[in-house]
Amino acid sequence: KQLFANRQASDKIIGETIAAVKAQNWQGVVFDFENLPADALPAYQAFLAHAHPRFAAAGLSTALTVPAGEASWDLRRMAQAVDHLYLMNYVEHWHGGTPGPIASQAWLATQLAHARAQVPASNLSVALGNYGYDWHDGGADALTVNEACLSARGSDAVPQFHPQSANSGF
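What counts as what
Residues numbered from 1 in each chain as written. Predicted model: local features only at pLDDT ≥ 70, side-chain atom pairs only at ≥ 80, totals over all residues. Heavy atoms only, no water. Helix = DSSP H or I, 4+ residues; strand = E, 2+ residues; numbered from the N terminus. Buried < 20%, exposed > 50% of the residue type's maximum accessible area, 1.4 Å probe, protein only. Contact = heavy atoms within 4.5 Å. Expected span 1.5 Å × (residues − 1). Arc of directions from axis to C-beta. Polar contact = N/O pair within 3.5 Å; in protein donor to acceptor, adjacent residues only side chain to side chain. Pairing = 2+ DSSP bridges. Axes fitted to C-alpha atoms, helices over the stretch in contact; angles between N-to-C directions. Salt bridge = Lys/Arg side-chain N within 4 Å of Asp/Glu carboxyl O.

1. Some details on the side chain of Ser 10
In step 1: Examined against the element boundaries, Ser 10 turns out to sit in helix H2 (residues 7-23).
In step 2: For Ser 10, a relative accessible area of 1% corresponds to the buried category.
In step 3: Not counting residues up to four positions away in its chain, the partners in contact with Ser 10 are Leu 3, Phe 4 and Phe 47.

Okay, here's the thing in structure tokens:
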């Protein structure tokens, strides 16, 4: 929050980032600050709104990742501060929470509908989770899809499709 509110520090980061992006011949930047407290979000949005014209003047695009299911994120205002928004449409359940699917079909559809109501479709992309959890002992270990398949094979388990969540598990 302090970084985003400090104009001198944020100007320095913006300038250094533009220089690095141009030096690498990239087309733009994706801002991906995660786990921000709700009280930092207004300063983050103001930072993005301040950064956007500087990146545009340098011929660079700006994009932003936003979490699905987080009511404190004002998707409309965030989308207005960048060229493109990536909705991280996963983490309905997470390794430190209660066991469940990464994104059940109903949850995913609800989050997408909410985002579509706030952000023009031409400025919105949806990121899907492509991993799994091994739930045990009150927590979980994240697994790649390959690791989950190997774990199922190693335990002679057959993954089953769960119609309620539209996810598979074993």
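2. Let's talk about H2
In step 1: With 17 residues, H2 extends 24 Å between its outermost C-alpha atoms, agreeing within 8% with the 24 Å of an ideal straight helix rising 1.5 Å per residue.
In step 2: Residues Ser 10, Ile 14, Ile 18 and Val 21 constitute the buried set of H2. Taken end-on, H2 shows its buried residues confined to a sector of 70°, consistent with a single buried face. H2 presents Gln 8, Lys 12 and Ala 23 as exposed residues on the side facing more than 90 degrees away from its buried surface.
In step 3: Here the buried face of H2 lies against helix H1 (2-5), strand E1 (28-31) and helix H3 (41-57).
In step 4: Measuring from the backbone nitrogen of Gln 8 back to the side-chain oxygen at the start of H2 gives 3.1 Å, which picks out Asn 6 as the cap.
In step 5: Directly after H2, the chain includes Asn 25, whose backbone phi takes a positive value near 60°.

3. Here we look at the sheet that holds strand E4 (residues 124-127)
In step 1: With parallel pairing, four strands are arranged side by side in an open sheet as E1-E2-E3-E4. Of all the strands in the sheet, the pair left with one neighbour each is E1 and E4. Within this sheet the neighbouring strands show an average axis-to-axis angle of 20°, counted without direction.
In step 2: For E1 and strand E2 (residues 61-67), the ladder comprises four bridges, and the chain directions are parallel. Bridge pairing in E2 links Val 30 to Ala 63.
In step 3: Each of E1 and E2 touches H3; the most contacted strand, E1, lies at about 175° to it.
In step 4: Lying on the sheet, helix H5 (residues 105-118) is in contact with strand E3 (84-88) and E4; it crosses E4 at an angle near 165°.

4. A look at the pattern of salt bridges
In step 1: Using the criterion set out here, one finds two salt bridges in the structure.
In step 2: Among the ionic pairs, Asp 11 bridges to Arg 54, the shortest N-O distance being 3.3 Å. Of the two residues, Asp 11 is situated in helix H2 and Arg 54 in helix H3; the sequence distance between them amounts to 43 residues.
In step 3: On the basis of relative accessible area, Arg 54 is assigned to the partly exposed category, the value being 31%.

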